[in-house]
Amino acid sequence: MPDEPRPISDLLPELRRGRGLTQHDLASRLHAASGNASVTREEVSRWERGKRIPGPYWRAWLGRVLDTPARELERAAAVARWTRRRR
């Protein structure tokens, strides 16, 4: 039986911690990989607390940095959007 779909706010901290990264480490790696300095530890925290959903641009970079299939991150973002609408 497949895993129950989870929102990206649940998936990101699990992936990050599984790789031994802090929120600051993840933000630094995203910056280094993308060349875009607009992501900060605070933004990673917002994603993980469900305050924001990373857009397609950052989901693509998250997939690369966390070595996670884009499809998994897209699904988790869709679950988060669906959950928000139901509140």
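Provided above is the structure to which this section pertains.
Reference entry: report on the structure contained in this document.

Rules and cut-offs
Residues numbered from 1 in each chain as written. Predicted model: local features only at pLDDT ≥ 70, side-chain atom pairs only at ≥ 80, totals over all residues. Heavy atoms only, no water. Helix = DSSP H or I, 4+ residues; strand = E, 2+ residues; numbered from the N terminus. Buried < 20%, exposed > 50% of the residue type's maximum accessible area, 1.4 Å probe, protein only. Salt bridge = Lys/Arg side-chain N within 4 Å of Asp/Glu carboxyl O. Expected span 1.5 Å × (residues − 1). Arc of directions from axis to C-beta. Contact = heavy atoms within 4.5 Å.

As for the environment of Leu73
For step 1, the next point in the chain: For Leu73, the position within the fold is in helix H5 (residues 70-86).
For step 2, the next point in the chain: Using a relative accessible area of 0% as the deciding quantity, one classes Leu73 as buried.
For step 3, the next point in the chain: Expressed as a C-alpha distance, the spacing of Leu73 and Arg52, which sit 21 residues apart in the sequence, is 14 Å.

Section: the pattern of salt bridges
Two side chains bearing opposite charge may form a pair once their charged atoms approach each other closely.
For step 1, the next point in the chain: In this structure the tally under the stated criterion is 6 salt bridges.
For step 2, the next point in the chain: The salt bridge partner of Glu48 is Arg16, with a shortest N-O separation of 2.7 Å. Taken as a pair, Glu48 in helix H3 (residues 41-49) and Arg16 in helix H1 (residues 8-18) lie far apart in primary sequence, 32 residues in all. Here Glu48 matches Arg16 in class, with each residue buried.
For step 3, the next point in the chain: Ionic pairing is found between Arg41 and Glu42, a salt bridge with its closest N-O pair at 3.7 Å.
For step 4, the next point in the chain: What makes Arg41 partly exposed here is its relative accessible area of 34%.
For step 5, the next point in the chain: Several salt bridges converge on common partners, so that one network encompasses Glu43, Arg46 and Arg52.

Digging into helix H2 (residues 23-34)
For step 1, the next point in the chain: For H2, spanning 12 residues, the distance from its first C-alpha to its last is 16 Å, which sits close to the expected 16 Å at 1.5 Å a residue.
For step 2, the next point in the chain: By the burial criterion, the buried members of H2 are Gln23, Leu26, Ala27, Leu30 and Ser34. For H2, the arc enclosing every buried residue in end-on projection is 100°, short of the 170-degree limit, so these residues lie on one face.
For step 3, the next point in the chain: Where H2 is buried, its residues touch H1, H3 and helix H4 (56-65).
For step 4, the next point in the chain: One or two positions beyond H2, positive phi appears at Gly35, with a value near 75°.

Bear in mind that shape data such as this cannot, by itself, settle questions of function.
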